[in-house]
Structures are given as C-alpha cells and as structure tokens.
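Geometric and topological summary
Residues per chain, in single letters:
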Amino acid sequence: IDDVLSAGTAFAEARRMIEAAGGRVVAFAVGLDRQERGTDRTSAGSQLKAAGIDVIAIATLADLVDALRQTPAGHAPESADLSAMLDYQREYGAA
C-alpha cells in the first residue's frame, strides 16, 4: 500500500524486502497512480500488471484530468491546475 505510484521505485524496494522475508507480492494498492513511465515507455502500473501483480488505484492522473475538464456551465474549461497536470503528463506520462 502506498500513497502514489510514480515510476515504481518505492514499490520495487518494498517488493525486494517482502520477498527476502519469504513473502510473495500479488497486489499493490495505491491512492493515486500518476501513470508515469516506468523502465520503458509504458506506465509503472502497466509493468506491474504484466508481471502478474494486481494494481488497485483509487484514482489515476487521467481521472484527475477528466474531472478538471468537467467544468460547470459558464466557466472556462482550461484552469491553471488542468494546464499544470497536462504539462506533467506530457513530461512524465507513459505512452
């Protein structure tokens, strides 16, 4: 369990410790999946899923972007928060 999933570095460290103690990792719960690139162009979450580990995210960066795009009537669809998230997604996001 972790607050955010970015590149998967903290997960990899925790997994090594769990497996060194004889445990087996089968799932990973996270508050926010930032959908960042992992060790290649795909997201760290996608890489974990491909390795057979279930990833349970309360929300993803795409969810937050979608929520910010749903603006009330009469308000501008582009906010500073949305612009910042889209910039972040372009910089670090998985393909």
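If you're wondering where the values come from, they're calculated on a predicted model, not measured in any experiment.

Below, the discussion takes up the pattern of salt bridges. In the structure shown here, the tally under the stated rule is 3 salt bridges. Of the charged contacts, one joins R34 and E36 as a salt bridge, the two residues approaching to 3.9 Å between their closest N and O atoms. Residue R90 pairs with D87 through a salt bridge whose shortest N-O separation is 2.4 Å. Highlighted residues: R90 and D87, both in helix α4 (residues 80–92), separated by 3 residues, approximately one helical turn. Relative accessible area serves as the criterion here: at 60%, R90 is assigned to the exposed category.

Time to look at the side chain of D33. Turning to its location among the elements, D33 is positioned in strand β2 (residues 27–33). The buried charged residue D33 lacks any salt bridge partner; its closest oppositely charged side chain belongs to K49, at an N-O distance of 5.9 Å. Those residues in contact with D33 that lie beyond four places of it in its chain are L5, G45, A57, A59, T60 and L61.

Cut-offs and rules
Residues numbered from 1 in each chain as written. Predicted model: local features only at pLDDT ≥ 70, side-chain atom pairs only at ≥ 80, totals over all residues. Heavy atoms only, no water. Salt bridge = Lys/Arg side-chain N within 4 Å of Asp/Glu carboxyl O. Helix = DSSP H or I, 4+ residues; strand = E, 2+ residues; numbered from the N terminus. Buried < 20%, exposed > 50% of the residue type's maximum accessible area, 1.4 Å probe, protein only. Lys, Arg positive; Asp, Glu negative; His and termini not counted. Contact = heavy atoms within 4.5 Å.

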